[in-house]
Structure formats: structure tokens, C-alpha cells
Amino acid sequence: MVPQCQVEVLYFAKSAKITGIRSETISVPQEIKALQLWNEIETQHSGLTDVRNQVIFAVPQEYVKLGDQLLLLQSGDEIAIIPPTPPPPVSGG
């Protein structure tokens with residue numbers, strides 16, 4: 001059985017608006033695939049389904065797309081949920 005760890009989930013922009021919080025601590029397996037981690041978070045905040053195909057994780061400060069990547073987490077790690085940002089305006093010059 002894979003040991004559990006406590007990680008801090010940080011919500012930004014639209015994800016913070018959907019969840020109504022900026023951060024929370026959750027317990028997850030130390031070895032977990034990115035998509036499984038997302039599913040754990042989404043279970044607690046079903047409104048995040050709306051941004052599922054748009055978000056990127058920053059797992060200990062490295063960008064990770066939702067998929068089969070195996071994450072090796074430690075207690076205290078920060079998981080940032082980063083929704084898409086609009087593209088910068090194009091200058092007309």
C-alpha cells in the first residue's frame with residue numbers, strides 16, 4: 001500500500017472562484033498519477049469539471065498536464081491549479 005501525504009492545493013483565478021477558497025490541505029497517496037490527483041480534487045469540488053480540460057498543475061513548481069505522469073509527492077508539497085489565462089492583446093503596430 002502506498003503511504004499517504006498531506007499536500008497543499010492552491011487555487012488560482014477561475015479555480016478559486018469555483019471552489020470559493022484559495023487553498024486547502026488534502027491527503028493523497030505519495031505516488032499518484034496527475035489525472036488521479038485531479039480526480040481526487042474534483043471529487044471535493046465538482047464545479048471544477050468545467051475547467052478540467054483547460055487547467056495545468058504546478059506540482060512542486062513544475063508544470064504538469066493532466067495525464068498518466070506519475071507524481072512523487074511529499075508531505076507539504078504545494079499543488080497549484082492554474083486555469084488558462086487569456087492571451088495578451090496583440091499590439092497594432
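Residues numbered from 1 in each chain as written. Predicted model: local features only at pLDDT ≥ 70, side-chain atom pairs only at ≥ 80, totals over all residues. Heavy atoms only, no water.

Asker: Looking at this structure, how should I read the overall build of the protein chain?
Answerer: When helices and strands are counted, the protein chain shows two helices and seven strands. Secondary structure elements of the protein chain, listed N to C terminal, follow the sequence β-α-β-β-α-β-β-β-β. Looking at the protein chain as a whole, 37% of its 93 residues are labelled buried. Sequence separation of 24 or more characterises 57% of the internal contacts of the protein chain that already satisfy a separation of 6 or more. Summed over its atoms, the accessible surface of the protein chain is roughly 5900 Å², and 52% of this surface lies on carbon and sulfur atoms. Here the protein chain contributes 6 positively and 10 negatively charged side chains, and the mean placements of these two sets differ by 11 Å. (Helix = DSSP H or I, 4+ residues; strand = E, 2+ residues; numbered from the N terminus. Buried < 20%, exposed > 50% of the residue type's maximum accessible area, 1.4 Å probe, protein only. Contact = heavy atoms within 4.5 Å. Areas by Shrake-Rupley, 256 points an atom, 1.4 Å probe, with all protein chains shown as cover. Lys, Arg positive; Asp, Glu negative; His and termini not counted. Charge placed at Lys NZ, Arg CZ, Asp CG, Glu CD.)

Asker: Honestly, the nonpolar core in this entry has me stumped. Any pointers?
Answerer: Here is a general trend for soluble globular proteins: nonpolar side chains tend to be buried in one another's company. In this structure, L37, I41, F57, L73 and I81 are the most contacted members of the largest nonpolar core, which totals 22 residues. Elements represented by at least two residues in this core include exactly β1 (4–11), β2 (23–29), α2 (34–44), β4 (56–59) and β7 (78–82). Residues within four places of L73 in sequence aside, it is in contact with C5, V7, V28, P29, Q30, I32, V59 and I79. (Core = buried A, V, L, I, M, F, W, Y, C linked by side-chain atoms within 4.5 Å.)

Asker: Is there a simple way to explain the sheet that holds β7 in this structure?
Answerer: Strand pairing within a sheet occurs via backbone hydrogen bonds; the two strands may be parallel or antiparallel. Across the sheet, five strands lie side by side as β2-β1-β7-β4-β5; this open sheet has mixed pairing. Each end of this open sheet is capped by a strand with a single partner; those strands are β2 and β5 (62–64). Direction aside, the axes of adjacent strands within the sheet are offset by 30 degrees on average. Examined bridge by bridge, β4 and β5 share three bridges and lie antiparallel to one another. (Pairing = 2+ DSSP bridges. Axes fitted to C-alpha atoms, helices over the stretch in contact; angles between N-to-C directions.)

Asker: How should I be thinking about the packing of aromatic side chains in this particular structure?
Answerer: Aromatic ring pairs are reported here in terms of the distance separating the ring centres and the angle at which the planes meet. Inspection of every chain in the model, using the stated rule, returns one aromatic pair. Taken together, a centroid distance of 6.1 Å and an interplanar angle of 50 degrees make the contact between W38 and F57 tilted. Placement of the pair is W38 in helix α2 and F57 in strand β4, with a sequence separation of 19 residues. Classification of W38 as buried rests on a relative accessible area of 0%. Using a relative accessible area of 0% as the deciding quantity, one classes F57 as buried. (Phe/Tyr/Trp six-rings, centres within 6.5 Å; stacked < 30°, edge-to-face > 60°.)

Asker: Explain the pattern of salt bridges here, please?
Answerer: As enumerated under the stated definition, the model contains one salt bridge in all. Between E42 and R52 there is a salt bridge; the shortest N-O distance is 2.9 Å. With a gap of ten residues between them, E42 in helix α2 and R52 in the loop between α2 and β4 connect regions that are remote in the sequence. Judged by its relative accessible area of 14%, E42 falls in the buried class. Its relative accessible area of 24% is what places R52 among the partly exposed residues. (Salt bridge = Lys/Arg side-chain N within 4 Å of Asp/Glu carboxyl O.)

Scope: geometric values only; no functional claims are made or implied.
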